[in-house]
Amino acid sequence: MAENEALGSEVKITVRPNGPYRVEGSIKLLDANGGQWDLTGKPAVSLCRCGASANKPFCDGSHAKIGFQSAPTAPPPVEASQV
Ligand code: FES
């Protein structure tokens, strides 16, 4: 079973270290005018986070050429006793 099938209707977005947002799951990708990219047959897409892609909104690997650096990590979960 592919990973995106296991997600059901859930969408998973992974912030790749020094790279794009990896989006997995069933999504619609729209521009500001409501135009839609055809993602038929694509179980996942990588969206540019560095601004250097020549194929925005998709990542084309340019982040590596420009030395883009950003590797944020999620904060640790808050324990119930701290809420
Ligand atoms: S994140 Fe890959 S080209 Fe911008």
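In case you missed it, the structure is sitting above this.
Residues numbered from 1 in each chain as written. Predicted model: local features only at pLDDT ≥ 70, side-chain atom pairs only at ≥ 80, totals over all residues. Heavy atoms only, no water.

Draft legend 1. How the structure looks around the pattern of salt bridges. For the structure shown, the criterion picks out 1 salt bridge. In this structure, Glu 24 and Lys 12 form a salt bridge, with 3.9 Å as the shortest nitrogen-oxygen distance. Linking Glu 24 in strand β2 (residues 21-24) with Lys 12 in strand β1 (residues 12-15), this pair joins segments that are 12 residues apart in sequence. Accessibility expressed as a relative area gives 11% for Glu 24, which makes it buried. (Salt bridge = Lys/Arg side-chain N within 4 Å of Asp/Glu carboxyl O. Helix = DSSP H or I, 4+ residues; strand = E, 2+ residues; numbered from the N terminus. Buried < 20%, exposed > 50% of the residue type's maximum accessible area, 1.4 Å probe, protein only.)

Draft legend 2. Broad picture of unusual backbone geometry. With an omega of 10 degrees, the peptide bond running from Lys 56 to Pro 57 counts as cis. Take Pro 57: it is sitting in the loop between β3 (44-47) and α2 (62-66). Even without a glycine there, the phi angle at Asn 18 is positive, about 60 degrees. Here Asn 18 shows up in the loop between β1 and β2.

Draft legend 3. Local environment of the sheet that holds β2. Across the sheet, 3 strands lie side by side as β1-β2-β3; this open sheet has antiparallel pairing. With one partner strand each, in any of the chains shown, β1 and β3 form the two edges of the open sheet. Ignoring strand direction, the axes of neighbouring strands in this sheet form an average angle of 20 degrees. (Pairing = 2+ DSSP bridges. Axes fitted to C-alpha atoms, helices over the stretch in contact; angles between N-to-C directions.)

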